[in-house]
Amino acid sequence: MELRTTESQRMIADMVRDFSAKHIKPSMRQWDESQEFPIEVFKKLGGLGLMGVLVPAEYGGSGFGYLEYVTAIAEISRTDGSIGLSVAAHNSLCTGHILQFGSEEQKQKYLPKLATAEWIGAWGLTEPNTGSDAGNMRTVAVQDGEEWVLNGAKNFITHGKSGNVAVVIVRTGEVGDSHGMSAFIVEKGTPGFSAGRKEDKLGMRASETTELIFQDCRVHKSQLIGNVGEGFVQAMKVLDGGRISIAALSLGIAQGAFDAALAYSQERSQFGKPISSFQGIAFKLADMATEIEAAALLTYQAADRKNRGLDVNKESAMAKYFASEVAVRVANEAVQIFGGYGFTKDYPAEKYYRDAKLCTIGEGTSEIQKLVISRAILK
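Residues numbered from 1 in each chain as written. Predicted model: local features only at pLDDT ≥ 70, side-chain atom pairs only at ≥ 80, totals over all residues. Heavy atoms only, no water.

Trainee: I'd like a description of the overall build of the chain, backed by residues and values.
Mentor: When helices and strands are tallied, the chain shows 11 helices and 10 strands. Against the globule reference of 21 Å for 379 residues, the chain gives a C-alpha radius of gyration of 21 Å, in line with a compact fold. Seen through its C-alpha atoms, the chain measures out along the principal axes to roughly 80 × 45 × 40 Å. A buried classification covers 52% of the 379 residues belonging to the chain. Residue pairs in contact within the chain that sit at least 24 positions apart in sequence constitute 74% of those at least 6 positions apart. (Helix = DSSP H or I, 4+ residues; strand = E, 2+ residues; numbered from the N terminus. Rg over C-alpha atoms; globule rule 2.2 N^0.38 Å. Buried < 20%, exposed > 50% of the residue type's maximum accessible area, 1.4 Å probe, protein only. Contact = heavy atoms within 4.5 Å.)

Written as structure tokens, this is what we have:
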């Protein structure tokens, strides 16, 4: 199987590389240290069409497919995983949920603002005490006439504070019932809706992660996405695309760590020759390059199937599982190649190392991906 790069993919890759060199790389260390969410960078990315890659032109988006989307996320993450993560979450979760399941009125109202980054989007499924056990979520919505009243909290929410709008999945039925959850669009400024604590994270520090809190938060019934009881099923389909996003994020981080290690190994000399000439280093580079190539094939295969409207439950889980593990292994080897310098913040290896770990956790741990894969192959 040969995956040929399209002209639009090459155009996006070149554009992102140029943007990253000018607007991300010079400040990413500062953002990482201060945990600053650089919202102006995302406004600029919106101007380039990268905050609505998958959104059709009729709603103000770029109208591209998943191959172009994966290319964009991977290239951004090659420079800074934090920015790649936020772009991915905005595109595939909040925006993607409304795009896939929203009414025409909802699409007309929200997609143009999200696609241009006039508004930043958040998406809420995870809760403090449930994690991946979404069926036992405690955030509830009770109907009161023309409105629904939301109470509870979500955590680990990307853009929970800076986001202008959130899609949240809450319980509207019995605990444990997969048809007892519904999805609502909640705008920032809605009474009873607020952001809670911001997480102090190991990596991905420029990508904002906070709680969402609902205290008698009233939303009109027109903010319900689809029908009552469809929220969990919608969320699982959204996460199929989300896994491709994390695979692309992982791929970009791995490639960035490899690029840095390769360049350093050719510049650093020991015993009168570059360390890349020693088999101990050369073999590490060979393993890293091979695993990155394999992760890319899995990721683009999942993206291609998604483009063609095929089921990607197994393929997206495989891509996410393998690529995220590759990102961690490659980043670890990059630190080893840099040696003592890899443990300092004067060199890029340590940031790739810290950022990579989230990829094995975001959108479900590697163990959950193996559960999804095993269920698919044992059907």
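Trainee: Give a description of the side chain of Gln 35 that names residues and reports values.
Mentor: Structurally, Gln 35 can be placed in the loop between α2 (28–34) and α3 (39–47). Looking at Gln 35, the relative accessible area reads 11%, which means it is buried. Discounting chain neighbours no more than four positions away, the residues touching Gln 35 are Lys 198, Glu 199, Asp 200, Lys 201 and Arg 205.

Trainee: Can you explain the pattern of salt bridges? Please cite residues and give values.
Mentor: For the coordinates displayed, the defined rule picks out 25 salt bridges. Residues Arg 78 and Glu 75 are paired through a salt bridge, measuring 3.3 Å at the closest nitrogen-oxygen approach. With a gap of 3 residues between them, Arg 78 and Glu 75 both fall in helix α4 (residues 66–79), about one helical turn apart. Note that Arg 329 is salt-bridged to Glu 291, the shortest N-O span being 3.0 Å. Here Arg 329 is found in helix α9 (residues 313–338), whereas its partner Glu 291 is found in helix α8 (residues 279–307), with 38 residues between them in sequence. The exposure class of Arg 329 is partly exposed, given its relative accessible area of 34%. (Salt bridge = Lys/Arg side-chain N within 4 Å of Asp/Glu carboxyl O.)

Trainee: I'd like a description of the packing of α9 against helix α10 (residues 349–356), backed by residues and values.
Mentor: Relative to each other, α9 and α10 sit at 155°, their axes nearing to 8 Å. As summarised for this structure, α9 and α10 are arranged roughly antiparallel, according to the angle between their axes. In terms of crossing hand, the pair formed by α9 and α10 is left-handed. Note on element contacts: α10 touches α9 through Ala 349, Glu 350, Tyr 352, Tyr 353 and Ala 356, opposite Ala 327, Val 328, Ala 331, Asn 332, Ala 334, Val 335 and Phe 338. (Axes fitted to C-alpha atoms, helices over the stretch in contact; angles between N-to-C directions. Parallel < 35°, antiparallel > 145°, perpendicular 65-115°, else oblique. Left-handed = near helix turned anticlockwise from the far one by under 90°.)

Trainee: Tell me what's going on with the environment of Thr 172, and back it up with residues and numbers.
Mentor: Within the secondary structure, Thr 172 sits in the loop between β4 (165–171) and β5 (181–187). Residue Thr 172 is classed as partly exposed on the basis of its relative accessible area, which comes to 23%. When neighbours within four sequence positions are excluded, Thr 172 is seen to be in contact with Ala 141, Trp 148, Gly 180, Met 181, Ser 182, Phe 184, Val 228 and Gly 229. A polar contact of 2.8 Å, which involves the side chain of Thr 172, links it to the side chain of Ser 182. (Polar contact = N/O pair within 3.5 Å; in protein donor to acceptor, adjacent residues only side chain to side chain.)

Trainee: Give a description of the pairing of β5 that names residues and reports values.
Mentor: In terms of burial, β5 is largely enclosed, as 6 of its 7 residues are buried. As defined by bridge partners, β4 adjoins β5 across 7 bridges and the pair is classed as antiparallel. Residue pairing across strands places Ala 166 opposite Val 186, the latter belonging to β5. (Pairing = 2+ DSSP bridges.)

Trainee: Summarise the environment of Ala 57; cite the residues concerned and give the values.
Mentor: Relative to the elements of secondary structure, Ala 57 occurs in the loop between α3 and α4. Sequence separation between Ala 57 and Pro 112 is 55 residues, and the spatial gap between their C-alpha atoms is 9.2 Å.

Trainee: Which residues make up the pairing of strand β3 (residues 147–158), and what values do they have?
Mentor: With 5 bridges connecting them, strand β2 (residues 140–144) and β3 associate as antiparallel partners. Directly across from Val 142, in β3, lies its bridge partner Val 149. Where β2 folds back on β3, the antiparallel hairpin that results is connected by 2 residues, among which Gly 145 adopts a positive phi of roughly 65°. Direction of pairing for β3 relative to strand β7 (residues 209–220): antiparallel, over a ladder of 9 bridges. Across the sheet, the residue bridging to Leu 150 is Cys 217, located in β7.

Trainee: Help me get a handle on the packing of aromatic side chains, residues and values and all.
Mentor: In the structure shown here, the tally under the stated rule is 10 aromatic pairs. Arranged with centres 4.9 Å apart and planes meeting at 20°, the rings of Phe 37 and Phe 42 form a pair that is stacked. Each member of the pair, Phe 37 as well as Phe 42, is classed as buried. Seen in terms of ring centroids, Tyr 66 and Tyr 69 are 5.5 Å apart; in terms of plane orientation they differ by 80°. Their pairing is edge-to-face. Within this pair, Tyr 66 and its partner Tyr 69 are both found in helix α4, separated by 3 residues, close to a single helical turn. Accessibility assignment for this pair places Tyr 66 and Tyr 69 in one class, buried. Through pairs of rings, three or more aromatic residues link up here, namely Tyr 264, Phe 338, Tyr 341 and Tyr 347. (Phe/Tyr/Trp six-rings, centres within 6.5 Å; stacked < 30°, edge-to-face > 60°.)

Geometric values such as these leave the question of function open.
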